[in-house]
Amino acid sequence: MSKIINGAAEAEVAFRDLVAVRLKQARDAAGLSLRALSDRLDGRVSHTALNKYESAKMVPDTAGLVAIADALSCPVDHFFRPLRPALGQIKFRKNSRNF
C-alpha cells in the first residue's frame, strides 16, 4: 500500500515540475514578465500565484490553466507534453547503395 501512495506522490511532483517548466517556457517565449502575464489574465491569476506555479509549489486549477494558455496563445496540452519527445527505434535499410 505504501508503494502505491509513494508512487502517487512521485507522480504528483513530476506533474508539478512538468507544468512549472512548460509554463516558464511559454511565458519566456511570449516575452512576458510574471506581472505582465498577470495583467493579461485580468486578475484571474496573480503574479504571486504564477510564481508559485513556475517554482512548482502549486499547480493551477483547470480554469486557471485554460486562462493562462489563452493569455499565452498556446494550446492547453502544451503544459502536459513531455519535455523530451519519445523516439522509437531507428531502422536502417540493409545494404542501401543510395548516396
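Residue indices begin from 1 for each chain and proceed along its sequence in written order. Reporting in this predicted model follows two pLDDT cut-offs: at least 70 for local features of residues, and 80 or more for side-chain atom pairs to be given and counted; totals over whole chains, interfaces and linings ignore these cut-offs and use all residues. Each side-chain value is derived from all of the structure's non-hydrogen atoms; neither hydrogens nor water enter the calculation.

Caption draft 1: Representation of helix 4 (residues 62-72) in the model. Residues Gly64, Leu65, Ala67, Ile68, Ala69, Ala71 and Leu72 constitute the buried set of helix 4. The positive-phi residue at the C-terminal boundary of helix 4 is Ser73, with phi of around 55 degrees. Exposed residues in this analysis have more than 50% of their type's maximum accessible area, buried residues have under 20%, and partly exposed residues fall in between, with area computed by a 1.4 Å probe over protein chains only. Put simply, DSSP marks the helices as runs of H or I at least four residues long and the strands as runs of E at least two long, and each gets a number from the N terminus on.

Caption draft 2: Structural context of the environment of Val59. Structurally, the position occupied by Val59 is in the loop between helix 3 (47-54) and helix 4. Residue Val59 is classed as partly exposed on the basis of its relative accessible area, which comes to 33%. For the pair formed by Val59 and Glu12, sequence separation is 47 residues and the distance between their alpha carbons is 9.6 Å. Between two residues, a contact is recorded if the distance between any of their heavy atoms is within 4.5 Å. Setting aside its immediate chain neighbours within four residues, Val59 contacts Phe15, Arg16 and Tyr53.

Caption draft 3: Representation of the nonpolar core in the model. Counting residues in hydrophobic clusters, the biggest one holds 17 residues, and the most contacted among them are Leu37, Leu41, Leu50, Tyr53, Ile68, Leu72 and Phe79. Once residues lying within four places of it in the same chain are set aside, the contact partners of Leu72 are Leu23, Ala26, Arg27, Ala30, Leu32, Leu37 and Phe79. Residue types Ala, Val, Leu, Ile, Met, Phe, Trp, Tyr and Cys, when buried and joined through side-chain atoms within 4.5 Å, form a set referred to as a nonpolar core.

Caption draft 4: Quick peek at the side chain of His78. Positionally, His78 belongs in the segment after helix 4. Polar contacts, as used here, are pairs of N or O atoms within 3.5 Å; protein pairs need one atom able to donate a hydrogen and one able to accept it. Residues neighboring in sequence count only if both atoms are side-chain atoms. Of the polar contacts made by the side chain of His78, one reaches the backbone oxygen of Arg22; its length is 3.2 Å. With residues up to four places along the chain from it excluded, the contact list for His78 reads Arg22, Gln25 and Ala26.

Caption draft 5: Seen up close, the packing of aromatic side chains. In this scheme Phe, Tyr and Trp rings, the latter by its six-membered ring, pair at centre separations within 6.5 Å, and the angle between planes marks the pair as stacked below 30 degrees, edge-to-face above 60, and tilted otherwise. One pass over the structure, following the stated rule, counts one aromatic pair. With a centroid separation of 5.7 Å and 15 degrees between ring planes, the pair formed by Phe15 and Phe80 is classed as stacked. Of this pair, Phe15 sits in helix 1 (residues 2-30) while Phe80 sits in the segment after helix 4, and the two are 65 residues apart along the sequence. Judged by its relative accessible area of 32%, Phe15 falls in the partly exposed class. Owing to a relative accessible area of 39%, Phe80 belongs among the partly exposed residues under this scheme.

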